[in-house]
4 protein chains.
Amino acid sequence: MTRRDFRFVHTLRVRWAEVDKQDIVFNGHYLTYFDVAITEYWRCIGVPYPGVTERWGTDLFVVKAGIEYHGPAHYDDILDIGVRVARIGNSSMHFVLGIFRGGQHLIGGELIYVNAVPTTRKASPVPSELRELIDAYENEVSVEANAGIIGVKRSGRS
Amino acid sequence: MTRRDFRFVHTLRVRWAEVDKQDIVFNGHYLTYFDVAITEYWRCIGVPYPGVTERWGTDLFVVKAGIEYHGPAHYDDILDIGVRVARIGNSSMHFVLGIFRGGQHLIGGELIYVNAVPTTRKASPVPSELRELIDAYENEVSVEANAGIIGVKRSGRS
Amino acid sequence: MTRRDFRFVHTLRVRWAEVDKQDIVFNGHYLTYFDVAITEYWRCIGVPYPGVTERWGTDLFVVKAGIEYHGPAHYDDILDIGVRVARIGNSSMHFVLGIFRGGQHLIGGELIYVNAVPTTRKASPVPSELRELIDAYENEVSVEANAGIIGVKRSGRS
Amino acid sequence: MTRRDFRFVHTLRVRWAEVDKQDIVFNGHYLTYFDVAITEYWRCIGVPYPGVTERWGTDLFVVKAGIEYHGPAHYDDILDIGVRVARIGNSSMHFVLGIFRGGQHLIGGELIYVNAVPTTRKASPVPSELRELIDAYENEVSVEANAGIIGVKRSGRS
């Protein structure tokens with residue numbers, strides 16, 4: 001996994017309160033980083049969460065998360081968090097994530113979200129408009145990648 | 001400030017994710033400890049938050065917090081958190097808190113809450129029933145303290 | 001997965017600061033709960049972390065984590081966190097975890113730790129003494145389970 | 001208190017995991033925001049923490065914190081965090097902080113740090129070089145302010 005695998009990359013800096021006695025980011029905080037980066041992914045493709053998702057009457061719930069720890073991030077490190085939607089099922093979306101410090105791949109991750117009715121938490125098809133926005137965004141990167149252009153785009157802070 | 005100053009004491013253990021590189025609890029986490037202890041204080045006096053407070057149509061908002069750090073808490077320490085309502089104003093409640101490790105006073109704190117209408121956040125008088133429950137609880141301890149009885153009561157975990 | 005699958009169960013209560021706008025524990029905090037429960041597991045089998053593990057000159061690092069979210073935990077819920085070492089490799093330990101609210105299975109998890117030299121992070125065999133302590137603890141439960149005795153033991157807080 | 005009171009302002013965005021059921025940033029997280037902003041303040045004046053502070057053989061410990069909550073910050077808000085050293089004592093530094101959302105002043109704060117020997121935690125005079133760097137930075141802003149120039153400088157992310 002390299003940064004080239006991601007069109008979308010969000011950058012943040014490790015906070016003092018996030019590292020432990022070993023000067024290593026506590027293993028659970030990477031899920032916070034993933035969440036922050038996915039928030040920016042939604043904003044980037046034009047669907048800021050949750051304002052716009054609410055218009056479809058459904059919400060997204062995490063049903064599965066996986067993290068692989070290849071190397072530790074330390075205090076004050078600047079981390080690049082790559083986000084990609086690898087697969088869209090009927091009601092689910094499969095995100096692949098990678099955390100990099102410079103050229104070094106520190107963390108790999110995946111998150112599966114299910115689109116569901118908030119009150120009943122019953123699965124509901126991914127809205128076609130959302131599916132198209134994701135497809136458009138992710139496919140554009142493939143084209144660029146094939147053409148040898150670095151498809152990484154840094155998210156703005158504001 | 002000693003543990004004897006508090007009728008109500010809640011005990012918890014410092015988590016790995018709460019200490020920093022210096023093996024010191026990050027300064028902001030003490031407000032989480034205060035919050036946890038106040039939650040148990042409400043339960044202890046018979047007003048579990050927020051279920052019962054909701055019956056008065058108002059909610060509690062922190063307007064001021066102060067912390068004094070006398071000594072650091074470390075990983076795996078067992079901490080006793082004393083909670084006392086020191087004063088009830090028209091719409092405000094002034095909590096005094098202390099964190100102890102064994103006989104050692106590590107942290108002093110105070111929190112001022114205002115009772116307010118949730119939608120408008122406009123201050124509203126502290127419900128008289130709540131005032132009476134707090135008075136009854138806190139005054140009982142004075143009597144015990146005067147009689148030389150240790151007024152500290154540990155909160156149960158479940 | 002049921003609570004009966006675990007000899008070791010640690011109980012804690014969801015904190016206000018751990019739930020989000022949806023009144024659901026933020027997905028990353030379950031790794032904090034896992035960490036808290038594993039800390040108590042070590043204590044329970046007689047190897048409080050990190051004091052005693054330090055005597056072998058190695059430390060434990062998480063290399064993989066997985067979480068399945070079956071149902072959400074809410075504010076003030078009392079959660080039982082089951083911990084079991086499912087497999088010990090040459091230098092790795094595979095933990096299986098489950099979070100329950102009453103009879104309901106909310107969260108499943110697994111964590112793989114590698115025993116390694118702290119400075120080089122090079123893998124090192126799991127100390128035989130540690131292996132034996134875990135085996136003794138986990139096998140005892142099988143015997144009890146075979147005999148139809150509920151093998152769940154709640155961890156003390158202090 | 002306005003943004004004009006601060007030469008140094010650091011900007012961040014509220015994370016999903018930082019808001020509670022009321023869609024309000026949990027009261028303790030503002031101390032994390034303060035800490036993040038002070039980290040950037042140190043970097044801005046040329047003393048990145050802790051690398052350079054370590055050269056004086058002393059470290060900084062928080063001894064007192066105060067927070068006033070004027071209005072709540074919500075999920076996804078962009079917050080400007082003003083940091084100013086208001087006073088330097090013999091061994092202490094008094095920071096004043098303010099959190100703003102656009103033109104609105106949400107949070108006021110103060111933090112007192114003591115410079116101390118890490119092993120003994122005994123107070124030690126603020127190194128004169130550090131004192132001069134702070135004075136130079138803060139006084140420059142006064143000059144600008146007197147001249148009617150907006151003294152607010154946004155911190156860069158990297």
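The structure this text deals with has already been given above.
Residues numbered from 1 in each chain as written. Chains lettered and ligands numbered in written order. Predicted model: local features only at pLDDT ≥ 70, side-chain atom pairs only at ≥ 80, totals over all residues. Heavy atoms only, no water.

Enquirer: An account of the interface of chain B and chain C is needed here, citing residue identities and associated values.
Expert: Between chain B and chain C, the residue contacts involve 20 residues of the former and 20 residues of the latter. In this assembly, chain B packs against chain C so that about 1900 Å² is buried in total across both faces, 48% of it on carbon and sulfur atoms. Where D76 of chain B meets R43 of chain C, a salt bridge forms, and the shortest distance between an N and an O atom there is 2.8 Å. Among the elements of the structure, β1 (8–13) and α1 (29–44) of chain B are those that each provide at least two residues to the side of chain B that touches chain C. Counting residues per element, the side of chain B that touches chain C draws most heavily on α1 of chain B, which supplies seven residues. A per-class count over the side of chain B that touches chain C returns nine nonpolar, three polar and eight charged. (Contact = heavy atoms within 4.5 Å. Buried area = accessible area lost by both parts, 1.4 Å probe. Salt bridge = Lys/Arg side-chain N within 4 Å of Asp/Glu carboxyl O. Helix = DSSP H or I, 4+ residues; strand = E, 2+ residues; numbered from the N terminus. Nonpolar A, V, L, I, M, F, W, Y, C, P; charged D, E, K, R; others polar.)

Enquirer: Describe the relation of the copies chain D and chain B, and please don't skip the residues or the numbers.
Expert: Once chain D has been moved 0.0 Å along the axis and rotated by 180°, it coincides with chain B to within an RMSD of 0.0 Å. Look at the turn and shift together and you get a two-fold axis relating the two. Taking C-alpha positions as the reference, the residue of chain D nearest the rotation axis is G66 of chain D, at 2.2 Å. The residues that chain D uses at the interface reappear at the interface of chain B in 100% of cases, marking a shared surface. (Least-squares fit on C-alpha atoms with pLDDT ≥ 70 in both.)

Enquirer: So what about the interface of chain D and chain B? Which residues, and what values?
Expert: Tallying the contact residues gives 24 residues for chain D and 24 residues for chain B. Buried surface at the junction of chain D and chain B, summed over both partners, amounts to about 1800 Å²; 53% is from carbon and sulfur atoms. Across the chain D-chain B interface, the total number found is two salt bridges. Across the pair E68 of chain D and K64 of chain B runs a salt bridge, and its minimum N-O distance is 3.8 Å. Taken together, chain D and chain B are joined by six residue pairs in polar contact (both at pLDDT 80 or more). Elements that contribute at least two residues to the side of chain D that touches chain B include exactly α1 (29–44) and β2 (59–69) of chain D. (Polar contact = N/O pair within 3.5 Å; in protein donor to acceptor, adjacent residues only side chain to side chain.)

Enquirer: Residue-level account of the pairing of strand β5 (residues 104–116) of chain D, with values.
Expert: Residue and element names in this part refer to chain D. Of the strand pairs in this sheet, β2 and β5 are connected by ten bridges, and their pairing is antiparallel. Residue pairing across strands places V62 opposite Y113, the latter belonging to β5. Inspection of the sheet shows strand β4 (residues 92–101) paired to β5 by ten bridges, in the antiparallel sense. What sits directly across from H94, in β5, is I112. (Pairing = 2+ DSSP bridges.)

Enquirer: Quick one: what's the story with the pairing of β4 of chain D, residue by residue and with numbers?
Expert: Residue and element names in this part refer to chain D. Where burial is concerned, most of β4 is hidden: eight out of the ten residues are buried. Alignment of strand β3 (residues 78–88) against β4, held across eight bridges, turns out to be antiparallel. Of the residues in β4, the one forming a bridge with I81 is I99. Taking the residues between adjacent antiparallel strands as the criterion, β3 and β4 are bridged by three residues. What sits between the antiparallel neighbours β4 and β5 is a turn of two residues, in which G102 has the positive phi angle 60°. (Buried < 20%, exposed > 50% of the residue type's maximum accessible area, 1.4 Å probe, protein only.)

Enquirer: So what about the relation of the copies chain B and chain C? Which residues, and what values?
Expert: Structural alignment of chain B on chain C gives an RMSD of 0.0 Å, achieved by rotating through 180° and translating 0.0 Å along the axis. The overlap is high: 100% of the interface residues of chain B also sit at the interface in chain C, so the same surface is used on both sides.

Enquirer: Describe the packing of aromatic side chains, naming the residues involved and giving the relevant values.
Expert: Residues and elements named next belong to chain B. Tallying each qualifying case throughout the model produces 44 aromatic pairs over all chains. Judged by centre distance (5.0 Å) and plane angle (90°), the rings of W16 and Y75 are edge-to-face. One end of the pair, W16, is in the loop between β1 and α1; the other, Y75, is in the loop between β2 (59–69) and β3 (78–88), and 59 residues separate them in sequence. For W16, a relative accessible area of 8% puts it in the buried group. (Phe/Tyr/Trp six-rings, centres within 6.5 Å; stacked < 30°, edge-to-face > 60°.)

Enquirer: An account of the side chain of E138 of chain A is needed here, citing residue identities and associated values.
Expert: Residue and element names in this part refer to chain A. Residue position: E138 is located in helix α2 (residues 128–146). R84 is the oppositely charged side chain nearest to the buried, salt-bridge-free E138, at an N-O distance of 5.5 Å. Side-chain polar atoms of E138 contact the backbone nitrogen of V85, separated by 3.1 Å. Setting aside its immediate chain neighbours within four residues, E138 contacts Y41, V83, R84 and V85. (Lys, Arg positive; Asp, Glu negative; His and termini not counted.)

Enquirer: So, unusual backbone geometry: which residues are in play, and what are the values?
Expert: In the segment running from Y49 of chain A into P50 of chain A, the intervening peptide bond is cis, with an omega of -5°. Phi is positive for D76 of chain C, which is not a glycine, with a value near 75°. When you line up the elements, D76 of chain C lands in the loop between β2 (59–69) and β3 (78–88). The exposure class assigned to D76 of chain C is buried, which follows from its relative accessible area of 18%. For R121 of chain C, which is not a glycine, the phi torsion comes out positive at approximately 55°. Within the element layout of this structure, R121 of chain C appears in the loop between β5 (104–116) and α2 (128–146).

Enquirer: Report on the pattern of salt bridges, specifying residues and quantitative values.
Expert: All chains considered together, the criterion is met by 38 salt bridges over all chains. For R13 of chain D, the salt bridge identified is with E40 of chain A, shortest N-O distance 3.4 Å. Taken together, the positions of R13 of chain D in strand β1 (residues 8–13) and E40 of chain A in helix α1 (residues 29–44) put the pair across two chains. Here the two residues R13 of chain D and E40 of chain A agree in accessibility, since each one is buried. Between R3 of chain D and D80 of chain D there is a salt bridge, with the nearest N and O atoms lying 1.9 Å from each other. Remark: D80 of chain D occurs in strand β3 and R3 of chain D occurs in the segment before β1; sequence separation between them is 77 residues. Taking the relative accessible area as the measure of exposure, D80 of chain D reaches 4% and is therefore buried. Through salt bridges with shared partners, a single network forms among R13 and D76 of chain A together with E40 and R43 of chain D.

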